[in-house]
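Chain and residue survey
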Amino acid sequence: MQNRFRAPGRVNLIGEHTDYNDGFVLPAAIHLETIATFTPAPAMNWTSSSNPPEAWQRYVSGVEKQLRRRAVPIPPLAIHFESTLPLGAGLSSSAALEVSAALAFIAAAGFELPPMEIARLCQQAEIETVGLGCGIMDQFISLHGRAGQAMLLDCRSLAFEAVAIPEDIALVIADTGVKHALASSEYNTRRAECAEAAQYLGVQSLRDATDPRGNPRARHIITENSRVLAFVEALRTNDRRSLGQLMAASHLSLKNDYQVSCLELDMMVEYAGLCPGLIGARMTGGGFGGSTINLVEADQAQAFAERLRDLYPAATIYITKAANGAGPQSP
Ligand code: GLA
């Protein structure tokens with residue numbers, strides 16, 4: 001029986017904080033990942049050889065609980081987790097942990113579930129056990145990623161479509177090394193503010209709004225959704241100038257209207273503009289620390305990374321390409 005499963009982290013190219021507003025996102029899976037290896041055991045026991053998130057076993061038991069609720073007959077297992085994903089970098093180490101655990105539990109039970117169902121139950125586990133009112137983006141892309149492609153997801157219908165990233169564009173992730181403590185409480189606050197704004201505007205969710213009537217949170221969601229669609233078009237036509245402009249506008253909107261950026265992220269984006277080969281830069285993920293995503297001419301990615309490290313010595317930089325989503329891993 002296959003007893004080893006991998007689940008990748010992700011980087012979001014554009015479409016931030018739109019997932020829980022029924023909007024559009026454009027993430028890609030990355031080469032950094034978590035691997036779960038299981039063997040039958042007399043009782044459940046989970047170990048980790050990497051540096052797991054605080055109280056990481058809660059994520060695993062949350063997933064187990066969701067599966068049991070769906071009548072998946074999970075036997076007792078020893079599961080060992082190892083990961084190359086950094087923590088607190090905004091690259092979804094928690095979604096990768098949840099998804100790798102889910103695949104291990106499901107396989108051990110001899111069960112099958114559609115990938116979108118697995119994404120939803122992992123999201124549910126995070127909301128219920130960890131208390132972060134997250135959307136579905138991270139768990140979705142960890143399962144549905146495809147090498148060389150970003151995925152356009154409509155978070156209302158859950159319809160998705162692959163969008164090729166030109167071969168000569170590298171995804172360069174720059175981790176600021178900071179994670180501000182207010183990240184998850186501010187995240188939940190934004191979610192509540194969006195629900196209030198939707199009510200005020202008389203729409204089911206901000207996805208349906210067209211005029212923000214001066215509400216900056218609504219303005220971010222409305223403009224960000226249209227930027228995602230324009231960005232997809234620019235990828236398809238290889239219009240690099242538009243890609244850069246859309247990323248810059250997204251960052252400013254997250255900074256000024258949505259207020260989830262921070263000094264370190266703003267600096268990293270500004271420094272990127274001084275480095276060779278940049279196409280576009282913005283913060284990625286929930287914000288309040290974590291990473292920026294930079295689209296960079298692939299043949300200049302190394303020089304770009306070196307220059308950025310000179311300017312921001314505490315940065316950890318990953319040069320990556322879009323990777324495949326979760327699945328069995330050969331030993
Ligand atoms: C976190 C959440 C996602 C999404 C992003 C912001 O990564 O887990 O659901 O809301 O923030 O785009």
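Not measured: the values here are computed from a predicted model.

Criteria and cut-off values
Residues numbered from 1 in each chain as written. Predicted model: local features only at pLDDT ≥ 70, side-chain atom pairs only at ≥ 80, totals over all residues. Heavy atoms only, no water. Pairing = 2+ DSSP bridges. Helix = DSSP H or I, 4+ residues; strand = E, 2+ residues; numbered from the N terminus. Salt bridge = Lys/Arg side-chain N within 4 Å of Asp/Glu carboxyl O. Buried < 20%, exposed > 50% of the residue type's maximum accessible area, 1.4 Å probe, protein only. Axes fitted to C-alpha atoms, helices over the stretch in contact; angles between N-to-C directions. Contact = heavy atoms within 4.5 Å. Near = heavy atom within 4 Å. Polar contact = N/O pair within 3.5 Å; in protein donor to acceptor, adjacent residues only side chain to side chain. Areas by Shrake-Rupley, 256 points an atom, 1.4 Å probe, with all protein chains shown as cover. Nonpolar A, V, L, I, M, F, W, Y, C, P; charged D, E, K, R; others polar. Left-handed = near helix turned anticlockwise from the far one by under 90°. Phe/Tyr/Trp six-rings, centres within 6.5 Å; stacked < 30°, edge-to-face > 60°. Lys NZ or Arg CZ within 6 Å of the ring centre and 35° of its normal. Core = buried A, V, L, I, M, F, W, Y, C linked by side-chain atoms within 4.5 Å.

Looking at the pairing of strand E5 (residues 77-83)
- Inspection of the sheet shows strand E3 (residues 27-40) paired to E5 by seven bridges, in the antiparallel sense. What sits directly across from Thr39, in E5, is Ala78.
- Pairing of strand E4 (residues 45-48) with E5 involves four bridges; the strand directions are parallel. Across the sheet, residue Asn45 finds its bridge partner in E5, namely Ala78.

Re the pattern of salt bridges
- Going through the model one piece at a time under the given rule, you end up with 21 salt bridges.
- Ionic pairing is found between Arg190 and Glu186, a salt bridge with its closest N-O pair at 2.9 Å. Placement of both Arg190 and Glu186 in helix H5 (residues 183-201) is noted, with a separation of four residues, approximately one turn of the helix.
- Here Glu224 makes a salt bridge to Arg227, at a shortest N to O gap of 2.9 Å. Here Glu224 and its partner Arg227 are both found in helix H6 (residues 216-236), three residues apart, which amounts to about one turn of the helix. Accessibility classification places Glu224 together with Arg227 in one group, the buried group.
- Each member of the salt-bridge network shares a partner with another, and the members are Glu16, Glu224, Arg227 and Arg282.

Regarding the environment of Glu117
- Note on placement: Glu117 falls in helix H3 (residues 115-130).
- Through-space distance from the C-alpha of Glu117 to that of Ile14 is 24 Å; in sequence the pair is 103 residues apart.

Some details on the sheet that holds strand E11 (residues 316-320)
- Spatially, four strands are ordered E9-E10-E8-E11 in an open sheet, and the strand pairing comes out antiparallel. Each end of this open sheet is capped by a strand with a single partner; those strands are strand E9 (278-283) and E11. Neighbouring strand axes in the sheet, compared pairwise and without regard to direction, differ in orientation by 20 degrees on average.
- Inspection of the sheet shows strand E8 (residues 169-179) paired to E11 by five bridges, in the antiparallel sense. Looking across to E11, one finds that Ala174 is bridged to Ile317.
- Against the sheet, helix H9 (residues 301-311) engages E8, E9, strand E10 (289-297) and E11, with an angle of about 170 degrees to E11.

Section: the site of the ligand
- Taken together, Arg10, Glu16, His17, Asp19, Tyr20, Cys134, Gly135, Met137, Asp138, Tyr187, Gly285 and Gly286 make up the full set of residues adjacent to the ligand.
- Here an oxygen atom of the ligand and a backbone polar atom of His17 are 2.7 Å apart.
- Relative to its unbound accessible area of 300 Å², the ligand is 94% covered by the protein chains.
- Considering only residue class, the shell around the ligand consists of four nonpolar, four polar and four charged.

Observations regarding the packing of H3 against helix H4 (residues 137-144)
- Put simply, H3 and H4 touch, their axes get as near as 8 Å, and they point 145 degrees apart. For the element pair H3 and H4, the recorded crossing hand is right-handed. Every residue of H4 that contacts H3 at Pro115, Met116, Ile118, Ala119, Cys122, Gln123 and Glu126 is listed here: Gln139, Phe140, Leu143 and His144.
- In the contact of H3 with H4, the residues fall into seven nonpolar, three polar and one charged.

Some points on the packing of aromatic side chains
- Throughout the structure, instances matching the rule amount to four aromatic pairs.
- Ring centres of Trp56 and Phe81 lie 5.6 Å apart, and the angle between their planes is 75 degrees; this geometry places the pair in the edge-to-face category. Residue Trp56 is located in helix H1 (residues 56-69), and its partner Phe81 is located in strand E5; the two are separated by 25 residues in the primary sequence.
- For the pair Phe140 and Phe160, a centre-to-centre distance of 5.3 Å together with 65 degrees between the ring planes defines the contact as edge-to-face. In this pair, Phe140 sits in helix H4 while Phe160 sits in strand E7 (residues 160-164), placing the two residues 20 residues apart along the sequence.
- In this structure, Arg213 packs its charged tip against the face of Tyr200, placed 4.9 Å from the ring centre.

Some words on the environment of Gln149
- Within the secondary structure layout, Gln149 lies in strand E6 (residues 149-154).
- Taking the C-alpha atoms as reference, Gln149 lies 8.8 Å from Asn324; in sequence the two are 175 residues apart.
- Leave out the neighbours within four places in its chain, and Gln149 touches Ala28, Ala162, Val163, Ala164, Ile165 and Ala322.

Focus: the nonpolar core
- Formed by 75 residues in total, the largest nonpolar core has its most connected members in Leu13, Leu26, Ile79, Phe81, Phe105, Phe231 and Leu295.
- Per-element tally for this core: the top contributor is helix H2 (residues 93-108), with 10 residues.
- Every residue in contact with Leu295, bar those within four places of it in the chain, is listed here: Leu13, Ile169, Ala170, Leu171, Phe231, Leu243, Met247, Gly277, Leu278, Ile279 and Gly280.
- In terms of nonpolar packing, the next biggest core, distinct from the first, is built from 21 residues, Ala198, Leu201, Val260 and Met283 among them.

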